[in-house]
Amino acid sequence: MMSPEESVSQKQAWLANKLLRWLDQLDPVKSVEPRYQLNYRDKVCLSASWDDSGWKFGLVHQEQIIDLHHCPAHSLRIQNAVNLILKIIPAETHFPLKYYAQSGALITLIVKQKQMPDTSWLNADAIGCLNGYGINGIWLHLNPGAGRNVFAKNKWCLLWGAPRSVDSNGLIYGPKTFQQLIPELYNQALTQAQLFLSPKAEDKMIDLYCGTGNSLIRWANSKCGIVGVEMDGEAVDCAKLNAPSATVLRGKCKDRIPQLSDWIDKPCVANSCRLIYVNPPRTGVEPEMLEWVITDYKPDRMAYLSCSAGTLRRDLTLMESAGYRVIKITPYDFFPRTIHVECLALLQRNI
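The structure displayed is predicted, hence computed values, not measured ones.

Conventions used here
- Residues numbered from 1 in each chain as written.
- Predicted model: local features only at pLDDT ≥ 70, side-chain atom pairs only at ≥ 80, totals over all residues.
- Heavy atoms only, no water.
- Helix = DSSP H or I, 4+ residues; strand = E, 2+ residues; numbered from the N terminus.
- Buried < 20%, exposed > 50% of the residue type's maximum accessible area, 1.4 Å probe, protein only.
- Polar contact = N/O pair within 3.5 Å; in protein donor to acceptor, adjacent residues only side chain to side chain.
- Contact = heavy atoms within 4.5 Å.
- Axes fitted to C-alpha atoms, helices over the stretch in contact; angles between N-to-C directions.
- Parallel < 35°, antiparallel > 145°, perpendicular 65-115°, else oblique.
- Left-handed = near helix turned anticlockwise from the far one by under 90°.
- Nonpolar A, V, L, I, M, F, W, Y, C, P; charged D, E, K, R; others polar.
- Pairing = 2+ DSSP bridges.
- Core = buried A, V, L, I, M, F, W, Y, C linked by side-chain atoms within 4.5 Å.
- Phe/Tyr/Trp six-rings, centres within 6.5 Å; stacked < 30°, edge-to-face > 60°.

*Asks:* Tell me about the side chain of Gln 79, and name the residues and values.
*Replies:* The residue Gln 79 is located in helix H2 (residues 76–88) in this model. Its relative accessible area of 13% is what places Gln 79 among the buried residues. A distance of 3.2 Å separates a polar atom in the side chain of Gln 79 from the backbone oxygen of His 74. Beyond its immediate sequence surroundings of up to four residues, Gln 79 is in contact with Asn 39, His 69, His 70, Cys 71, Pro 72 and His 74.

*Asks:* Help me get a handle on the packing of H2 against helix H3 (residues 124–133), residues and values and all.
*Replies:* For the pair H2 and H3, interaxial distance at closest approach is 9 Å and the crossing angle is 165°. Between H2 and H3, the angle is such that the two are roughly antiparallel. In this structure, H2 meets H3 at a crossing whose hand is left-handed. Across from Arg 77, Asn 80, Ala 81, Leu 84 and Ile 88 in H2, the residues of H3 making contact are Ala 126, Cys 129, Leu 130 and Tyr 133. Counted by class, the contact of H2 with H3 contains 7 nonpolar, 1 polar and 1 charged residues.

*Asks:* Can you tell me about the sheet that holds strand E5 (residues 106–111), naming the residues and giving the values?
*Replies:* Taking strand neighbours across the sheet as the criterion, the 7 strands line up as E3-E2-E1-E4-E5-E6-E7 in an open arrangement whose pairing is mixed. Pairing within the sheet leaves two strands with one partner each, and these edge strands are strand E3 (64–67) and strand E7 (156–161). Adjacent strand axes in the sheet meet at a mean angle of 35° when their direction is disregarded. Relative to E5, strand E4 (residues 97–103) runs antiparallel, the two being bridged by 6 bridges. The partner of Ala 101 across the bridge, within E5, is Thr 108. With respect to the sheet, H2 is in contact with strand E1 (43–51), strand E2 (54–61), E4 and E5, its orientation differing from that of E4 by roughly 155°.

*Asks:* Lay out the nonpolar core with the relevant residues and their values.
*Replies:* The biggest cluster of nonpolar side chains holds 64 residues, and the ones touching the most others in it are Phe 57, Leu 97, Tyr 100, Leu 109, Leu 216, Trp 219 and Tyr 277. Take this core: its biggest share by element is 7 residues, from helix H4 (residues 183–197). Counting 38 residues, the second-largest nonpolar core is a separate cluster that includes Leu 19, Ile 206, Met 289 and Leu 312.

*Asks:* Pulling in residues and values, what's your account of the pairing of E3?
*Replies:* Note that E2 and E3 share 4 bridges and pair antiparallel. Bridge assignment links Leu 59 to a residue of E3, and that residue is Ile 66. In this structure, the hairpin formed by E2 and E3 is closed by a connection of 2 residues, where Gln 62 is found at a positive phi of approximately 50°.

*Asks:* Give a description of the sheet that holds strand E14 (residues 301–306) that names residues and reports values.
*Replies:* Pairing is mixed across the open sheet formed by 7 strands, whose spatial order is E12-E11-E10-E13-E14-E16-E15. Because the sheet does not close on itself, it has two edges, and the strands there are strand E12 (247–250) and strand E15 (324–332). Direction aside, neighbouring strands of the sheet carry axes that sit 15° apart on average. The sheet contact formed by strand E10 (residues 204–208) and strand E11 (residues 225–230) spans 5 bridges and is parallel. Paired with Met 205 across the bridge in E11 is Ile 226. In this fold helix H6 (residues 233–242) packs onto E11 and E12, with an angle of close to 170° to the strand it touches most, E12. Most of the contacts of helix H9 (residues 309–321) go to E14, to which it runs at about 165°, and overall it touches E14, E15 and strand E16 (342–349).

*Asks:* Which residues make up the environment of Lys 176, and what values go with them?
*Replies:* With respect to the helices and strands, the residue Lys 176 is situated in the loop between strand E9 (172–173) and H4. If we ignore the near neighbours within four places in the chain, the residues touching Lys 176 are Lys 43, Phe 151, Trp 156, Asp 232 and Glu 234. There is a polar contact of 2.8 Å between the side chain of Lys 176 and the side chain of Asp 232.

*Asks:* Summarise the packing of aromatic side chains; cite the residues concerned and give the values.
*Replies:* The description of an aromatic ring pair uses the distance of the two centres, along with the angle that the planes make with each other. Scanning the model with the defined rule gives 9 aromatic pairs in all. Here Tyr 186 and Phe 334 contribute two aromatic rings whose centre-to-centre distance is 6.3 Å and whose plane-to-plane angle is 80°, an arrangement assigned as edge-to-face. Taken together, the positions of Tyr 186 in helix H4 and Phe 334 in the loop between E15 and E16 put the pair 148 residues apart, joining distant regions of the chain. In this structure, Tyr 186 and Phe 334 share a single accessibility class: buried. Taken together, the ring pairs in this structure connect Trp 139, Phe 151 and Trp 156 into an aromatic cluster.

*Asks:* Explain the environment of Lys 254 to me, using residue names and the numbers behind them.
*Replies:* Of note, Lys 254 is situated in the loop between E12 and helix H7 (257–264). Separated by 88 residues in the primary sequence, Lys 254 and Glu 342 place their C-alpha atoms 23 Å from one another.

Put into structure tokens, the structure is as follows:
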């Protein structure tokens, strides 16, 4: 219930405490105008629960669902689609829905059983409404083990529409692909990273946790040598389509160290730079991977987009002890009106 100004101020103070060691390098939080700080979330994964009053989609708290049908952070596309699906899917006895997931224009319904349920409720009228809301496709995921894990590898059925869609940047994505929120801010962060890294044709660039390739495209434009690493198979497939000139390896970053070592050992042009961009999950860069980066790869410049100030502080401390200097930390308000904030840290190796 804070105002936009109060929310940003709270985040700035929290970051100043978490990243006190680099207070002089910490920029003010970059956010969007207040009018764009609601209805921005275009990706959700909501638990589903049935009772006498019907279906509820939301978050589980103390074994009960907190109804998020009209969450003001959700995009209008998500709000409209959620409220339609709530009305048209059958009761739990006929359609044991466990999760409702939506990534942009793609919906996935995760049911807790092996057999294909009745889907006659997805009729021409419903499809017409979904089309009007900007939905391109609906997947059904049969996952009898759905619970703590939302997705399994097999039993994906496309009920209607396209298997993939295209985001506002023109990138292909799938039904469970991770995407940064608020493309305007994310593109600002990528531009800042690109200007700092300044890749040239003779340079080598490693992109860890590269997702569907939004960042890979930036480096590809410079014609430098690029290797990306991403664990999710769907994201890897999309990244190869979005950035065909980059080499994309699938797996945990630490498990791809042998291939990365072979790649950096190949001859390179004199005066070339080694560069790295990382966008890890909340747990930060894997310790084995970060150790390899600072002892073997030894990048000249590094851009680190972090969604956790705690793990960022841990990793920056290690990088500094290995001879790196933090040039700047810029917070980006990818999650307005919430407690979350991301930071782009720029580091340079001391000569």
